[in-house]
Each structure stands twice: as structure tokens, then as C-alpha cells.
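Here is what each chain is made of, one letter per residue.
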Amino acid sequence: MKPLVNIIQKQSGAAFTLKKNDILTVIDPMGEQVSDMVLFNADDYKEKLSSGKSLDFEESLLLTKGNYLWSNRSQKMMHILEDTNGRNDFLLAPCSPETFKIMYDYQGEHPSCLGNLQQHLNPYGIAVDDIPTAFNIFMNVQFDANGKLSVNPPTSKAGDYIRLQAQMDLLVALTACSAEDSNGGTFKPIHYYIETEPQHIERKRS
């Protein structure tokens, strides 16, 4: 049976749980759209995704197929099984209301990834200050020899996807990013689906 595809509408988000060994596929259905992803240990929310640990243990700034995403307690959280685009960011924080005031000189309300993550994680008791730096799927951050950063449009094409396998029971939050520069100036949805490990199904039946 084909898994149910879930749709995250543009400039919005979602949160859900995974069991260990479940596989999450995140799809860019239209191309050039970033999705911020954060992870928490489903049994202890104080253990969460760590950019620093992941970049350190994987010895790379660019994480893609074959790499793991690690927690602040030095435990593997996700294994990247496939990545058809191959360009993701793990340096920049989720865009926030302050992002648009400071970097865009935007006055007034603006949807943000941090706001969407906060909204969908709040029912789980996770406060905004508990949200870590996200793994920014499909985000194209470049850096020169002097360390100067620039955010370019994603290189992802319509239908590009990343498949990740949970290494522990997880609480996951995803967004369809709300920052203009990150998405080539437009906002589009993100799709995702979950494949449950067969033994989970067997346990439910027994």
C-alpha cells in the first residue's frame, strides 16, 4: 500500500512522531522550496537535534546521503538514506520575526519557520527557547574562502526528495520555509510521507 502523502502548505508547518526505524521522506513537489526540520527524542525532549555534534561527528559542512544527524547527547537520531538534491544546510537558524526585521528591514507581521515550529511543538510542551538549529532540507547556503555566507535559491527540482530513517523514537517538526531569499523569492508547499517498519505493523496486528 502506498503511504499517505501529507501536505504542508506554504509558510506553515507540521509535527508528528516516528518510531525507531521508520522512514521519513520529505519532498519538494514544485522545486526551490526549503523545509526546516527539528528532532527530539520522543521519550525525553531534552535530547534534541544538534548542528554542532552532527557537523563534528560527520566531519562535513554538507550532510547528505550516508550521513547521520546527531543529538546534543551524541546519539544518532536520523540516517540519510537517499538525497536526490544533495544540498542541505545545517548552519543557519530557523527564520524568525527578528530575521525579517534585522535582515529584511520588514515591518509588521511575517510568517516564520520559528513561529511555525513553535506553534506545532507547543502541544508537546516544547517552548520556543527549546527549539534547536534546524536541519534545513534543500537550503542552498554558500560560503567563500573567508567564511562569508550567502543564501542562494535552492538547487532542488520538482520531485526531489530526501529519505531519512529514524535511529530512535522521535518527535519531528517540519516547515515549508517562509524566508524569501531561501526559496528564490517564492513560497510553495512541502510534501512528506512515513513508511512504517514492517515489525511495527506486525506488533499492531498481534
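Residues numbered from 1 in each chain as written. Predicted model: local features only at pLDDT ≥ 70, side-chain atom pairs only at ≥ 80, totals over all residues. Heavy atoms only, no water.

Peer 1: In this structure, what is going on with the overall build of the chain? I would like to understand it.
Peer 2: When helices and strands are tallied, the chain shows four helices and 13 strands. Expected size for 206 residues packed as a compact globule is a radius of gyration near 17 Å; at 16 Å, the chain falls within 12% of this value. Taken along the three principal axes of its C-alpha coordinates, the chain extends 55 × 35 × 35 Å. Put simply, the chain has 206 residues, and 47% of those count as buried. Here the contacts in the chain between residues at least 6 apart in sequence split such that 77% fall between residues at least 24 apart. On the chain, roughly 10,200 Å² of surface is accessible, and the fraction owed to carbon and sulfur atoms is 49%. Distance between charge centres in the chain, computed from 19 positive and 26 negative side chains, equals 5 Å. (Helix = DSSP H or I, 4+ residues; strand = E, 2+ residues; numbered from the N terminus. Rg over C-alpha atoms; globule rule 2.2 N^0.38 Å. Buried < 20%, exposed > 50% of the residue type's maximum accessible area, 1.4 Å probe, protein only. Contact = heavy atoms within 4.5 Å. Areas by Shrake-Rupley, 256 points an atom, 1.4 Å probe, with all protein chains shown as cover. Lys, Arg positive; Asp, Glu negative; His and termini not counted. Charge placed at Lys NZ, Arg CZ, Asp CG, Glu CD.)

Peer 1: I keep staring at helix α3 (residues 113-121) and nothing clicks. Help me out?
Peer 2: Within α3 the residues assigned to the buried category are Cys-113, Leu-114, Asn-116, Leu-117 and Leu-121. An end-on view of α3 places all buried positions within 165° of arc, on one side of the element. Close packing links the buried residues of α3 with β2 (13-18), β4 (35-41) and β12 (170-175). (Arc of directions from axis to C-beta.)

Peer 1: Explain unusual backbone geometry to me, please; I cannot follow it from the model alone.
Peer 2: Glycine aside, a negative phi is what most residues show, and trans is what most peptide bonds show. A positive phi angle, near 55°, is found at Gln-11, a position not held by glycine. Although it is not a glycine, Phe-138 sits at a positive phi angle of roughly 75°. With respect to the helices and strands, the residue Phe-138 is situated in the loop between β8 (135-137) and β9 (140-143).

Peer 1: Got a minute to help me understand the environment of Pro-154 in this structure?
Peer 2: You can see Pro-154 is positioned in the loop between β10 (149-152) and β11 (160-166). Residues Pro-154 and Ser-182, 28 residues apart in the sequence, show an inter-C-alpha distance of 7.0 Å. Excluding residues that lie within four positions of it along the chain, Pro-154 makes contacts with Glu-32, Gln-33, Val-34, Phe-138, Asn-140, Ser-182, Asn-183 and Gly-184.

Peer 1: Looking at this structure, how should I read the sheet that holds strand β7 (residues 76-83)?
Peer 2: The pairing of strands in a sheet happens through backbone hydrogen bonds and is either parallel or antiparallel. Here we have six strands laid out as an open sheet, ordered β1-β13-β3-β11-β7-β6, and antiparallel in their pairing. On the outer flanks of this sheet lie β1 (6-8) and β6 (68-70), each paired with one strand and no other. In this sheet, adjacent strand axes meet at a mean angle of 25° when their direction is disregarded. Pairing between β7 and β11: five bridges, direction antiparallel. Each residue of the ladder has a partner; that of Glu-82, found in β11, is Arg-163. (Pairing = 2+ DSSP bridges. Axes fitted to C-alpha atoms, helices over the stretch in contact; angles between N-to-C directions.)

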